[in-house]
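Architecture and fold: a report
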Amino acid sequence: MEVLFTPWRSAYLSAGGIDPAAGCLFCALHKQGDEDALVVHRGSAVYVVLNRYPYTNGHLMVAPYEHRASLGAMAGGERREMMDVAAAAEQVLSAEYRPEGFNIGLNLGRSAGAGVAGHAHLHVVPRWDGDTNFLTVLGGTRTIPEELPATRRRLAAAFARRA
Ligand SMILES: [Zn+2]
């Protein structure tokens, strides 16, 4: 079952031109432009961003704008919107990429594998039969079939059509 947790161990800290020592990645990302930050959707309390080092093509993360360390630290409205937006992400990815399954979940704290501890974020990872074997063969190289800016545009348009 180790593979279930591998997607969450992303090397995201050095991504996006954001210095991790300067502060929290998820507090900083939503203050950038959509294209720079790879944001695909902005809700009232949460936003959706592409992982810059995706486990699979279309690997999304849903995070609150506010710095919340856990589900319990989030307001009820934030939690509900996080789950509603995760459901929308699942539907958008299903329509655009036809995955055969999903891993959807949170890692809270470094011991649990959180790449960015302290700011809760829900991973939505589309899965296809054999993608694990594919990535294992490639080792640490995250080669994906579509460039991130193209994936961002495609998913942002799909989110916008739902509104
Ligand atoms: Zn934060």
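Residues numbered from 1 in each chain as written. Predicted model: local features only at pLDDT ≥ 70, side-chain atom pairs only at ≥ 80, totals over all residues. Heavy atoms only, no water.

Moving on: the pattern of salt bridges. According to the stated counting rule, one finds four salt bridges in the structure shown. Close ionic contact of Arg 42 with Asp 34 constitutes a salt bridge, the shortest N to O distance being 2.7 Å. The class for Arg 42 is partly exposed, based on a relative accessible area of 33%. One salt bridge in this structure joins Glu 96 and Arg 154, with 2.8 Å as the shortest N-O distance. Linking Glu 96 in helix 4 (residues 76-97) with Arg 154 in helix 6 (residues 148-162), this pair joins segments that are 58 residues apart in sequence. Overall, Glu 96 belongs to the buried group, its relative accessible area being 19%. (Salt bridge = Lys/Arg side-chain N within 4 Å of Asp/Glu carboxyl O. Buried < 20%, exposed > 50% of the residue type's maximum accessible area, 1.4 Å probe, protein only. Helix = DSSP H or I, 4+ residues; strand = E, 2+ residues; numbered from the N terminus.)

According to the stated counting rule, one finds one aromatic pair in the structure shown. Measuring from centroid to centroid gives 5.5 Å for Tyr 47 and Tyr 65, while their planes differ by 15°, and the two rings are stacked. Of this pair, Tyr 47 sits in strand 2 (residues 46-50) while Tyr 65 sits in the loop between strand 3 (60-64) and helix 4, and the two are 18 residues apart along the sequence. Relative accessible area serves as the criterion here: at 0%, Tyr 47 is assigned to the buried category. (Phe/Tyr/Trp six-rings, centres within 6.5 Å; stacked < 30°, edge-to-face > 60°.)

Distances from the zinc ion to its protein donors, Cys 24 (SG), Cys 27 (SG), His 67 (ND1) and His 119 (ND1), fall within 2.0 to 2.3 Å. For the zinc ion, the four donor atoms in the first shell make angles of 100 to 119° at the metal, a pattern classed as tetrahedral. Within one chain, the residues donating to the zinc ion are spaced in sequence as C-x2-C-x39-H-x51-H. Placement of the pair is Cys 24 in the loop between helix 1 (2-5) and helix 2 (25-29) and His 119 in the loop between strand 4 (101-106) and strand 5 (122-127), with a sequence separation of 95 residues. Of the residues examined, Cys 24 reaches a relative accessible area of 16% and is grouped as buried. (Donors = N, O, S within 2.8 Å, 3.2 Å for Na, K, Ca; no water. Tetrahedral: all angles 85-135°; square planar, octahedral: opposite > 155°, others 65-115°.)

The next point concerns the sheet that holds strand 3. Strand order across the open sheet formed by five strands is 1-2-3-5-4, with antiparallel pairing between neighbours. For this open sheet the edge positions go to strand 1 (39-42) and strand 4, each flanked by a neighbour on one side alone. Ignoring which end each strand starts from, the neighbouring axes of this sheet average 15° apart. Pairing between strand 3 and strand 5: three bridges, direction antiparallel. The partner of Leu 60 across the bridge, within strand 5, is Val 124. Across the sheet, helix 4 is in contact with strand 1, strand 2, strand 3, strand 4 and strand 5; its angle to strand 3 comes to roughly 160°. On the sheet, helix 6 packs against strand 1, strand 2 and strand 3 and is oriented at approximately 20° with respect to strand 1. (Pairing = 2+ DSSP bridges. Axes fitted to C-alpha atoms, helices over the stretch in contact; angles between N-to-C directions. Contact = heavy atoms within 4.5 Å.)

Positive phi, normally seen in glycine, also occurs at Leu 38, with a value near 65°. Note that Leu 38 resides in the loop between helix 3 (34-37) and strand 1. Classification of Leu 38 by relative accessible area gives buried; the value is 4%. A positive phi angle, close to 50°, is found at Arg 98, a residue other than glycine. Topologically, Arg 98 is positioned in the loop between helix 4 and strand 4. Among the residues examined, Arg 98 registers a relative accessible area of 64% and is labelled exposed.

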